[in-house]
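Observations on chain architecture
What follows is the residue order along each chain.
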Amino acid sequence: AARCFPLGRALLRVRGAEVAPFLQGLLTNDVTRLAGGGEAPPRALYAHALNVQGRCLCDVILYRLHRGAEEPHVLLECDGGAQDAALQHLRRYKLRRKVEVATCPELVAWAVLPGTRPLAEALGERLVLAPDPRAAVMGWRLLLPTAADPLQVVAGGRLGDVRDYHRHRYKQGIPEGVQDLPPGVALPLESNLAYMNGISFTKGCYIGQELTARTHHMGVIRKRLLPVQFSTPLPSGSIPEGTEILTESGKSAGKFRAGDNELGIALLRLANIKEPLYLNVPGGKVKLAATIPEWWPKTAGK
């Protein structure tokens, strides 16, 4: 049965004639594919908003609400803790664009797992059911009015504990939110943005593009976010984000980002991932093993 997880993510509404050029200059992906009037546009698109230094401000999933030649109308999903920063960022660059930017508290985002299409009923005007644009292993995204019951939409589904959703993400190495992608710290290509269909290298200029484009053309990415498994469960809530991960000789191999019990996600040097690695925890150190996710391109990580 499909499981429905309440995400607690924020939704921002961007609407108006100039939605496409406005968002095109702020996000890493080619928003014209989503917001424009082309044939068979995707329903959802993944991207990052970057600061001027090319580091991640927040990760976003965009949803197309308009149809055909209607006025462009897009919802932007982001971490609840990043809502104010994302809203401020959009409004700072709005200038005289013919767009409206506002919060959208009347809708909420759900994740639906597994990846096979859930049997959806009563797809109304105020409902979006779209494949998660990052990777097939992440299933589906569902937007509903706040008071709506997802089990009345996803036939045969059941409610899931959001902790299990995050454990699924960690197991697959999919980052999401400010803990996995710390604002002003995370770099998009080290965060596997290209693997998650979140960037266009041909779209033209956007804020923060220079460092990302240069890294891409150099073709050298020495660190990446990877799923990790610990030899023993982590002490709950006691490992700060950014704690160093060390090799057996004590050399730095990367940094811990987030985790739950025995699963986590970490930024690691690819040269060290086959070595024994350790994370310092209160009372000692815990051994961990990193893996290359199966959903990555077959040439990745080599």
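Let us look at the structure shown here. Sequence positions are assigned chain by chain, starting from 1 and proceeding in written order. Given that the model is predicted, a residue must reach a pLDDT of at least 70 before its local features are reported, and side-chain atom pairs must reach 80 or more before they are shown or counted; all residues, however, enter totals for whole chains, interfaces and linings. Computation of side-chain values covers all heavy atoms of the structure but excludes hydrogens and water.

As a further point, take the overall build of the chain. Per the secondary structure count, the chain includes five helices and 16 strands. In summary, the chain has a C-alpha radius of gyration of 19 Å against a globular reference of 19 Å for 302 residues, a match within 12%. For the exposure calls, accessible area comes from a 1.4 Å probe over protein chains only, and a residue counts as buried if that area is under 20% of its type's maximum, exposed if over 50%, partly exposed in between. Across the 302 residues in the chain, those meeting the buried criterion constitute 51%. It only takes one pair of heavy atoms within 4.5 Å for two residues to be counted as in contact. The long-range share in the chain, meaning contacts at least 24 apart out of those at least 6 apart in sequence, stands at 68%. A 1.4 Å probe and the Shrake-Rupley method give the accessible areas. Residues count as covered only by the protein chains that appear here. Looking at the chain as shown, the accessible area adds up to about 14,100 Å², and 51% of this sits on carbon and sulfur atoms. The helix count covers DSSP runs of H or I at least four residues long, the strand count covers runs of E at least two residues long, and both are numbered beginning at the N terminus. As a reference, a globule follows 2.2 Å times the number of residues to the power 0.38, and the radius of gyration itself is taken over C-alpha atoms.

To continue, consider the packing of aromatic side chains. Stacked, tilted and edge-to-face are the three classes applied to pairs of Phe, Tyr and Trp rings, where Trp contributes its six-membered ring and a pair requires centres within 6.5 Å; stacked means planes under 30 degrees apart, edge-to-face means over 60, and tilted covers the rest. One pass over the full model with this rule turns up three aromatic pairs. With 5.9 Å between their ring centres and 40° between their planes, Phe 5 and Tyr 165 make a pair best called tilted. Taken as a pair, Phe 5 in strand β1 (residues 3-6) and Tyr 165 in helix α4 (residues 162-172) lie far apart in primary sequence, 160 residues in all. Over a ring means this: the NZ of a Lys or the CZ of an Arg is within 6 Å of the ring centre and within 35 degrees of the ring normal. Taking NZ or CZ as reference, Arg 134 lies 5.9 Å from the ring centre of Tyr 46, over its face. The ring of Trp 296 carries Arg 224 above its face, with NZ or CZ at 5.9 Å from the centroid.

We now examine the sheet that holds strand β5 (residues 73-78). In short, DSSP must find at least two bridges between two strands for them to pair. An order of β3-β4-β5-β2-β6 is seen for the five strands of this open sheet, with the pairing classed as antiparallel. Sheet topology places β3 (44-50) and β6 (100-103) at the edges, where each strand pairs with a single neighbour. The average undirected angle you get between the axes of adjacent strands in this sheet is 25°. Between N-to-C directions, angles span 0 to 180 degrees; the directions come from axes that are lines fitted to C-alpha atoms, helices contributing only their stretch in contact. Taken strand by strand, helix α3 (residues 83-92) contacts β2 (10-15), β3, β4 (56-64), β5 and β6, and its axis lies near 170° from that of β6.

So, on to the nonpolar core. In plain words, nonpolar cores are sets of buried Ala, Val, Leu, Ile, Met, Phe, Trp, Tyr and Cys residues tied together by side-chain atoms within 4.5 Å. Ranked by internal contacts, the top residues of the largest apolar core, which has 55 residues, are Phe 230, Ile 245, Leu 268 and Leu 279. The domain boundaries here were taken from an automatic or database domain assignment. Summarising the domain contributions, this core has at least three residues from each of domain 1 (3-166) and domain 2 (188-290). Residue contacts for Leu 279: discarding those within four places in its chain leaves Phe 230, Leu 234, Ile 239, Thr 243, Glu 244, Ile 245, Phe 256, Gly 284, Lys 285, Val 286 and Leu 288. Leu 12, Val 19, Leu 23 and Leu 26 belong to the second-largest nonpolar core, a separate cluster that totals 28 residues.

Now for the side chain of Thr 212. With respect to the secondary-structure elements, Thr 212 resides in helix α5 (residues 209-218). Looking at Thr 212, the relative accessible area reads 3%, which means it is buried. Aside from chain neighbours lying at most four places away, what touches Thr 212 is Leu 50, Gly 54, Pro 188, Leu 189, Ile 199 and Tyr 206.

In spatial order, the strands read β11-β14-β13-β12-β15-β16; together these six strands close into a barrel with antiparallel pairing. Averaged over all pairs of adjacent strands, the angle between strand axes in this sheet comes to 45°, irrespective of strand direction. Where strand β11 (residues 223-230) meets strand β16 (residues 284-290), three bridges bridge the pair, whose relative direction is antiparallel. By the bridge assignment, Val 228 is partnered in β16 with Ala 290.

With that out of the way, let us pick up the pattern of salt bridges. By definition, a salt bridge exists where a carboxyl oxygen of Asp or Glu is found within 4 Å of a side-chain nitrogen of Lys or Arg. Counted under the stated rule, the structure contains 15 salt bridges. Taking the shortest distance from any N to any O, the salt bridge between Arg 9 and Glu 77 comes out at 2.7 Å. Of this pair, Arg 9 sits in the loop between β1 and β2 while Glu 77 is found in strand β5, placing the two residues 68 residues apart along the sequence. Judged on exposure class, the residue Arg 9 and its partner Glu 77 are both buried. The closest approach of N and O atoms between Glu 176 and Arg 134, which form a salt bridge, is 2.8 Å. Remark: Arg 134 occurs in the loop between β8 (128-131) and β9 (140-145) and Glu 176 occurs in the loop between α4 and α5; sequence separation between them is 42 residues.

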